[in-house]
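# Architecture and fold: a report
Below are the chains, spelled out letter by letter.
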Amino acid sequence: MLINQVMVIGAGQMGAGIAQVFAQAGLRVKLNDLNEDALQKGLDGIKKRLTKAVEKEKMTENEKQQAFENLEGTTDLRAASDCDLIIEAVVEKMEVKTKVFQSLDAIAPDHAILASNTSSLPITEIAAVTKRPSQVIGMHFMNPVPVMKLVEIIRALQTSDETYEAIEQMTEKLNKTPVEVNDFPGFVSNRILMPMINEAIYTVYEGVSSVEDVDTVMKLGMNHPMGPLTLADFIGLDTCLSIMEVLHEGFGDSKYRPCPLLRQYVKAGWLGKKSGRGFYSYE
């Protein structure tokens, strides 16, 4: 299957990053968001990153212009009517995602593949709300998308081999490394990462050590490039909590129980870098 026209739903940090890598790979991309301000912010962010890449001599001015010409912003979901691949990157809530997929299923051409960038929600359940479940798949990009090489490709129970192969080839065209993953809670990345972050929060909650010292142990002792609490702030504590809840519910195992301190921070609106405060202050 040839994929020429792509649409990304959601112009936030992940959606804008996904749109950028497709545009840089030479594909025509529509970036969609219901909110015009959010859409403009996403487009401005892409332009800023491309300009910085030119300044660092990682791309030419001509390549930057070409990438931006490949990109188009829209607030109309009906613009998906001529797309070969649509990638959803909206808020990590099943009811929101299934509503988006039902709408896309009615709008997109019969041959189009519908993909989700969800970091933990079941692709099988998302696929089931469409009339094309064999053409639904997960494409979990890592943050920041333009930098990180990995893409987890998640097969729903219903995903066809043809759909998987098309997305695997497309991922390689983006200069990313695809990894095949079956549809289990948290997939691979977050099933391993989030319990580690949650345990780091427990060590602070129980008074074992300070935030700074927990991060120092993992950076200097385990050679991690970033401490788990700093990473949690960058991911967003609300996102961390959502993923832990998916793991806890999905496996029914108490080892995935979210730390009470994590819940408390989210209730306080201390969501990490995006809110100006999490385990560290960014104001």
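What comes next is a walk through the structure. Within each chain, residues carry numbers counting from 1 in the order of the written sequence. Given that the model is predicted, a residue must reach a pLDDT of at least 70 before its local features are reported, and side-chain atom pairs must reach 80 or more before they are shown or counted; all residues, however, enter totals for whole chains, interfaces and linings. As a rule here, side-chain values cover all heavy atoms of the structure and leave hydrogens and water aside.

## Observations regarding the pattern of salt bridges
Put simply, a salt bridge is a Lys or Arg side-chain nitrogen that is within 4 Å of an Asp or Glu carboxyl oxygen. Under the criterion given, the structure shown has 10 salt bridges. Here Arg-78 ties to Asp-76 by a salt bridge, and the two come within 3.1 Å at their closest N and O atoms. Residue classification places Asp-76 among the partly exposed positions, given a relative accessible area of 30%. For Arg-155, the salt bridge goes to Glu-180, with nearest N and O atoms at 2.7 Å. Of this pair, Arg-155 sits in strand β7 (residues 150–155) while Glu-180 is found in strand β8 (residues 177–182), placing the two residues 25 residues apart along the sequence. Members of the salt-bridge network, linked through shared partners, are Glu-88, Glu-92 and Lys-97. Whether a residue is buried, partly exposed or exposed follows from its accessible area with a 1.4 Å probe, protein chains only, as a fraction of its type maximum: under 20%, in between, or over 50%, in that order. To qualify as a helix, a DSSP run of H or I must reach at least 4 residues; to qualify as a strand, a run of E must reach at least 2; elements of each kind are numbered from the N terminus.

## What to know about the packing of helix α2 (residues 36–55) against helix α3 (residues 61–69)
The angle between two axes is taken between their N-to-C directions and runs from 0 to 180 degrees, where each axis is a line fitted to C-alpha atoms and a helix contributes only its stretch in contact. As a packed pair, α2 and α3 sit with axes 9 Å apart at the nearest point and diverge in direction by 165 degrees. Looking at the two axes, α2 sits roughly antiparallel to α3. With respect to the hand of their crossing, α2 and α3 are arranged in right-handed fashion. Residues Leu-43, Ile-46, Lys-47, Leu-50, Thr-51 and Val-54 of α2 lie in contact with α3, whose contacting residues are Glu-61, Lys-64, Ala-67 and Phe-68. Working rule for angles: under 35 degrees goes down as roughly parallel, over 145 as roughly antiparallel, 65 to 115 as roughly perpendicular, anything else as oblique. Note: crossing handedness is left-handed where the near helix turns anticlockwise from the far helix by less than a right angle, and right-handed where it turns clockwise. Any pair of residues with heavy atoms lying within 4.5 Å of one another is described as a contacting pair.

## Focus: the side chain of Thr-230
Among the secondary structure elements, Thr-230 is positioned in helix α9 (residues 228–235). Once you skip the residues sitting within four places of it in the chain, Thr-230 turns out to touch Asp-215, Tyr-280 and Tyr-282.

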